[in-house]
Structures are given as C-alpha cells and as structure tokens.
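# A look at the structure
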Amino acid sequence: MAKRVLTPEIAWFEVKAPALSRHWHPGQFVIVRPTPESERIPLTIVGGDAERGTIQLVVQALGKTSRVMVALDVGEKLADLLGPLGEPASIEKVGAVVCIAGGVGVAELLPVAHAFREAGNTVTALCGARSAAQIILDSELQGAVDEVRWRPTTAPPDSTAR
C-alpha cells in the first residue's frame, strides 16, 4: 500500500486490488476494515489503475476507524476490502457539466468529473475548502477537467490555476 499525506488529517492511499481495479466505475465505493480490530467503513473509490492492479482512496481522520486508517504506514495491508459497491454515476455527453464539492468531497468528485470530460463534455469543477491549506487534489483536478475554481479564492501553494 502506498500513502501520500494531503493535509495533517487527510491521506491518499493506493491499494493493491487487481479485481477491483478492473471492475470499478466512478461513483462506486468499497467497504474497508483497516485492521482486524477495526469497524468497517465505506470509502469512495477515487481512481483505479487496471495495469497496476490498484485503486486509490482518500480518507479523512474523523472517527476512530478513519483515524486508524490514516495512521497506517506505507506497505501495511488492509484487513478487509470489499467492492466495488453501489450504483455507478450516470455519465453521458450532455455538453457542459458543473461539478461541485467541498473538503474531502473533492476526492469523490474527481472520478465523476473525469468521466464526464472523457464522455466529451466541457467540465467545470467548483470546489471549496476551509482554507488554502485544506485544498486537496488540485493538480489531479486540473488534469481531469477544463476549469477549476476554488473557494476560498486563494489558490493552493502548488497550483497552476487556469
């Protein structure tokens, strides 16, 4: 398992899951149990790479189990991973699409917004965060949609705003 810290309480994970990586669709989720002692929690699939056999998850440390998950180290294995679950988002060519998310919800928006653009739409992402330091996945969004607008309007430190 790979891990990238996005903020002090939000982490991005790449998890080895070959079957999941081939069958997930934007809008679906998994059930994760980080350790054998943990409760099960639902997490939206943020991305997948069928060639590498991995999926990506973003977790915010809010409750006991999500704090355990964010504290996991690179290379650790999850006790359980079940999915993909849920109905995929309905994606079609409609012309122009506006996707809206705030906080860690930006992670859930990313695969859906990307799929709308891949379907031939012009996609604008309107995103919010409590502060510039809480802005996550900006470079990924910039590569997935036509335009990204953040509130607060202060661009993230590593942003190349379009």
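Preceding block: the structure.
Residues numbered from 1 in each chain as written. Predicted model: local features only at pLDDT ≥ 70, side-chain atom pairs only at ≥ 80, totals over all residues. Heavy atoms only, no water.

### Let's talk about the sheet that holds strand β9 (residues 147–151)
Heads up, the condition is: For two strands to be treated as a pair, DSSP must find no fewer than two bridges joining them. Strands are runs of DSSP state E lasting at least 2 residues, helices are runs of H or I lasting at least 4, and numbering of each runs from the N terminus. Orientation is described by axes fitted as lines to C-alpha atoms, over the contacting stretch for helices, and by angles from 0 to 180 degrees between their N-to-C directions. It only takes one pair of heavy atoms within 4.5 Å for two residues to be counted as in contact.
Strand order in the open sheet formed by three strands is β7-β8-β9, and the pairing between neighbours is parallel. Pairing within the sheet leaves two strands with one partner each, and these edge strands are β7 (96–102) and β9. Neighbour-to-neighbour, the strand axes of this sheet turn through a mean angle of 15 degrees, independent of strand direction. Alignment of β7 against strand β8 (residues 122–128), held across seven bridges, turns out to be parallel. Bridged to C99 within β8 is A125. Taken strand by strand, helix α3 (residues 105–118) contacts β7, β8 and β9, and its axis lies near 170 degrees from that of β7.

### Here's the deal with the nonpolar core
Stated precisely, the cut-off is as follows: Note on terminology: a nonpolar core comprises buried Ala, Val, Leu, Ile, Met, Phe, Trp, Tyr and Cys residues joined through side-chain atoms within 4.5 Å. To sort residues, take the accessible area from a 1.4 Å probe on protein chains only and compare it with the maximum for the residue type: under 20% means buried, over 50% means exposed, and anything in between is partly exposed.
Counting 27 residues, the largest nonpolar core has V58, V106, L137, L141 and W150 as the members making the most contacts within it. Put simply, the parts of the chain that give this core at least two residues each are β2 (10–16), β7, α3, β8, α4 (138–144) and β9. With seven residues, the single largest contributor to this core is α3. Ignoring anything within four residues of it in the chain, the contact list for V106 reads A101, C127, I136, L137, L141 and W150. One finds M1, F13, I45 and M69 within the second-largest nonpolar core, a separate group that totals 19 residues.

### Concerning the state of the cysteines
Applicable threshold: In this description, the term disulfide denotes a pair of cysteine sulfurs within 2.5 Å.
One pass over the full model with this rule turns up zero disulfides. For C99, which is in no disulfide, the shortest distance to another cysteine sulfur is to C127 and amounts to 8.6 Å. A residue is classified by how much of its surface remains accessible, and C127, at 5% relative accessible area, is buried.

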